[in-house]
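Results of the structural survey
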Amino acid sequence: MTKNKQRIQRMTLAAFFAGIEVLMAFTPIGYIPMAGLSITTMHLPVILAGIIGGPAFGGGLGFVFGLTSLIRATMEPGVTSFVFSPFITVGGVSGNFASLLICFVPRILLGVLSGYFYRLFLRLMHKSVPAAAFTAVINTVLHTIGVLGGIYLFFGPQYASALGTGMQGLVVLLLGVVSTNMVLEAILAGAVIPVLVKALAPSAVRMGLMEKTA
């Protein structure tokens, strides 16, 4: 396969992944109600993109994830949307540059680190399925910690006030998210991503995106 053809296929695949991410962001597919919780699936295409296409490919889709979060927070603001958008003011609290950091940095790193971790685990395990599972779980956890840590660091008092609680109450709420949403999202990623990697790997190998693995 010529390099030009590989480049075209890579661009097509990038457009496909971006389209899926946007579709999920603005439909119920991206956020699943479950026993009073909202479990997101938005991290799945980003992790998959990092595994299939590498760190830069995953980082690009992570940027799309962040961009959709920014648009949603700006166009459909809730009481805490200021943590994801510098363009709105909610309850007298305005977003700022830190909102962009929270919105983009953890999502871009999600894709970048998925690419690096998968290749690291693949060298250690020599099997694509367990490597993909470990990559998916670890990066889901890191992404959640990055977002929640950014919220606490940059907007702790304002976020707590918007939720009608104090800083101690905010810590309890954030720990609740870690023990519920994050765990469920990590389990979902660990179960789904290896299946998708196994299904897409042959095509990715033909396109020159991945090396053939067991």
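If you're wondering where the values come from, they're calculated on a predicted model, not measured in any experiment.

On the secondary structure map, Gly111 appears in helix 4 (residues 97-125). Judged by its relative accessible area of 0%, Gly111 falls in the buried class. Taking C-alpha positions, Gly111 is 8.1 Å from Leu48, a pair spaced 63 residues apart along the chain. Dropping the residues within four chain positions of it, Gly111 is found in contact with Val46, Gly50, Pro55, Gly58 and Gly59.

The next point concerns unusual backbone geometry. The backbone of His126 sits at a positive phi, close to 60°, despite the residue not being glycine. Relative to the helices and strands, His126 resides in the loop between helix 4 and helix 5 (128-162). For His126, a relative accessible area of 55% translates into the label exposed.

With that settled, the discussion passes to the packing of helix 2 (residues 43-53) against helix 5. Taken N-terminus to C-terminus, the directions of helix 2 and helix 5 make an angle of 130°; their axes are 10 Å apart at the nearest point. Considered as vectors, helix 2 and helix 5 are oriented oblique to each other. The two elements helix 2 and helix 5 meet at a crossing, and its hand is right-handed. Facing His43, Ile47 and Ile51 of helix 2, the residues of helix 5 in contact are Ala132, Thr135, Ala136 and Thr140. In terms of residue class, the contact of helix 2 with helix 5 is built from four nonpolar, three polar and no charged.

Residues spaced three or four apart along an α-helix point in a common direction, a consequence of the helix completing one turn every 3.6 residues. Between its first and last C-alpha atoms helix 1 (residues 3-25) spans 33 Å; for 23 residues at 1.5 Å apiece the expected length is 33 Å, and the two agree. Residues of helix 1 that are buried include every one of Leu13, Phe17, Glu21, Met24 and Ala25, and no others.

Criteria and cut-off values
- Residues numbered from 1 in each chain as written.
- Predicted model: local features only at pLDDT ≥ 70, side-chain atom pairs only at ≥ 80, totals over all residues.
- Heavy atoms only, no water.
- Helix = DSSP H or I, 4+ residues; strand = E, 2+ residues; numbered from the N terminus.
- Buried < 20%, exposed > 50% of the residue type's maximum accessible area, 1.4 Å probe, protein only.
- Contact = heavy atoms within 4.5 Å.
- Axes fitted to C-alpha atoms, helices over the stretch in contact; angles between N-to-C directions.
- Parallel < 35°, antiparallel > 145°, perpendicular 65-115°, else oblique.
- Left-handed = near helix turned anticlockwise from the far one by under 90°.
- Nonpolar A, V, L, I, M, F, W, Y, C, P; charged D, E, K, R; others polar.
- Expected span 1.5 Å × (residues − 1).

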